[in-house]
Amino acid sequence: MSFALAPGATIGILGGGQLGRMLALAAARLGLKTHIYSNDPDSPAFDVSAARTIAPFDDEKALEDFALNVDLVTYEFENVPARTAALLAEIGAVRPGPAALATCQDRLVEKEFLTSNGIATAPYLRVDDAGSLARAVAQLGRPSILKTRRFGYDGKGQVLVREGGDLAVTFRSLGGAPAILEGIVPFAKEVSVVAARGADGAFAVYDVCENEHENHILKFTRAPARIAPETAAEAVRIAHAIADALDYVGVLAVEMFVVDPTGGEGEGPAELRVNEIAPRVHNSGHWTLDGALTSQFEQHVRAVAGWPLGVTDRHGSSVEMWNLIGEEAFAWEQILREPRTSLHLYGKSEARAGRKMGHVTRVAP
Ligand code: AMP
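All values reported here derive from a predicted model rather than from experimental measurement.

A.B. asks: Just to check I follow, could you spell out empty space enclosed by the protein for this structure?
C.D. replies: The rolling of a water-molecule-sized probe over the atoms marks out the regions of remaining empty space. Inspection of the entire model under this criterion finds 1 cavity of 30 Å³ or more. Each pocket or cavity is described by its volume, and for the largest cavity that value is around 40 Å³. Lining the largest cavity are Ile11, Ile13, Leu23, Ala27, Thr34, Thr74, His300, Val301 and Val304. Broken down by secondary-structure element, the contributors of at least two residues to the lining of the largest cavity are strand E1 (10-14), helix H1 (18-29) and helix H10 (296-305). For the lining of the largest cavity, the element with the most residues is H10, which contributes 3 residues. A class-by-class count of the residues in the lining of the largest cavity yields 6 nonpolar, 3 polar and no charged. If you count residues domain by domain, the lining of the largest cavity takes at least three from each of domain 1 (10-94) and domain 3 (189-363).

In structure tokens:
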């Protein structure tokens, strides 16, 4: 596809969280304007964007007005209704395309897509009611994890199926929503690959990074991941195959489990299993803001604009990123005094528990 924006054009972004905010800042640096569409009047991205629409994601009139007022639509979160993306795509360019979005927003569709492309995942089974949950548990055993097919993030929409627990109660605890049951992967490490695919099929990838979660929320990322070079190469190969198979345009992140008693640091490639594909910029790519020649946000803007992708080389021997969650952001002044440390705050007014308020990066010399 040859469609490309010119400087001065407007990118419409569905979603107004911190990812939209950092996309808007990157777009501004490249002389592009942004128009944020969000259902939340208190969206952090509004502060840094020329235009806004506050409306539900299924308001067809508001969506149509939005599409007519921008030169291209992208999004910062994957729970955009498929109907919304399809509606917008009838009016103008939507990147990444609605098909990629539809694949990645449903855990079952995503797992079937990966499996059909020969990419390993956790063992999984479809669960539609308490009866199919009982059959799935009989097959995958306990403990296992029940996850809603849609709308899950940061551990929401997930429940551990424990020894002895009542399965009907477990199923109801997720509101009876369509789900999948996943077997537990005995991982040694969690890594992710943040990569970009251009409108011309070009592919650019950052160093594979390793991630630590706390209460299901990303806490810490280190790049490069401490894994064998063969394991890193295999992780990149998998991400590239996914981006090609989705005919993807933009930045995506692929989260993977490293299954290896030595944590992947041993000889030869460790076994990798894909956990999730995020069809957007990703928290585990925030280190690139200070730690890479082109940030993931600039890279996404370049890709969707139809522009050449930027160089992904890392600054420094390694880069670390911590999320500031809830009241941790109150330490901003102390963080500002630390050498070689960069502070990013998202401008959120209320530091609720579990809320991502900002992040900190540190680039090693
Ligand atoms: P998710 O929302 O699917 O990204 O899951 C959040 C976190 O839960 C992951 O980053 C893992 O730490 C853990 N987790 C999810 N699924 C599995 C699994 N099948 N086996 C082991 N740990 C898992």
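A.B. asks: I tried to follow the packing of aromatic side chains on my own but got confused; where do I start?
C.D. replies: The geometry of an aromatic ring pair comes down to the distance between the two centres and the angle between the two planes. All told, the structure shown has 6 aromatic pairs when counted by the stated rule. Considering the side-chain rings of Tyr37 and Phe66, the 5.1 Å spacing of their centres and the 65° angle between planes classify their relative orientation as edge-to-face. Within this pair, whereas Tyr37 is found in strand E2 (residues 33-38), its partner Phe66 is found in helix H2 (residues 60-69), the two being separated by 29 residues in sequence. Judged on exposure class, the residue Tyr37 and its partner Phe66 are both buried. Centroid distance Phe220 to Trp322: 5.6 Å. Interplanar angle 55°. Geometry classified as tilted. With a gap of 102 residues between them, Phe220 in strand E12 (residues 217-223) and Trp322 in strand E15 (residues 319-325) connect regions that are remote in the sequence. According to the relative accessible area criterion, Phe220 is buried, its value standing at 9%.

About the thresholds
In this convention, every chain numbers its residues from 1, walking through the sequence in written order. With the structure being a predicted model, the display of local features is reserved for residues of pLDDT at least 70 and the display and counting of side-chain atom pairs for 80 or more, all residues being used for whole-chain, interface and lining totals. Hydrogens and water are ignored here; the side-chain numbers use all heavy atoms of the structure. Points on a 1 Å grid over protein atoms alone make up a cavity when a 1.4 Å probe fits among them but cannot get out, and a pocket when they form an open set with protein on both sides within 12 Å along at least five of seven lines; lining residues each have an atom within 4 Å of a point. Grid points are joined across faces, edges and corners, and a volume is the space filled by probe spheres set on the points. Secondary structure follows DSSP: runs of H or I at least 4 residues long count as helices, runs of E at least 2 residues long count as strands, and numbering of each begins at the N terminus. Amino acid classes used here: Ala, Val, Leu, Ile, Met, Phe, Trp, Tyr, Cys and Pro are nonpolar; Asp, Glu, Lys and Arg are charged; the rest, including Gly, are polar. Segmentation of the chain into domains, including their bounds, is taken from an automatic or database domain assignment. Centres within 6.5 Å are what make two rings of Phe, Tyr or Trp a pair, Trp counting through its six-membered ring; a difference in plane orientation under 30 degrees is then read as stacked, over 60 as edge-to-face, and the rest as tilted. When accessible area is computed with a 1.4 Å probe and restricted to protein chains, residues below 20% of their type maximum are described as buried, those above 50% as exposed, and intermediate ones as partly exposed.

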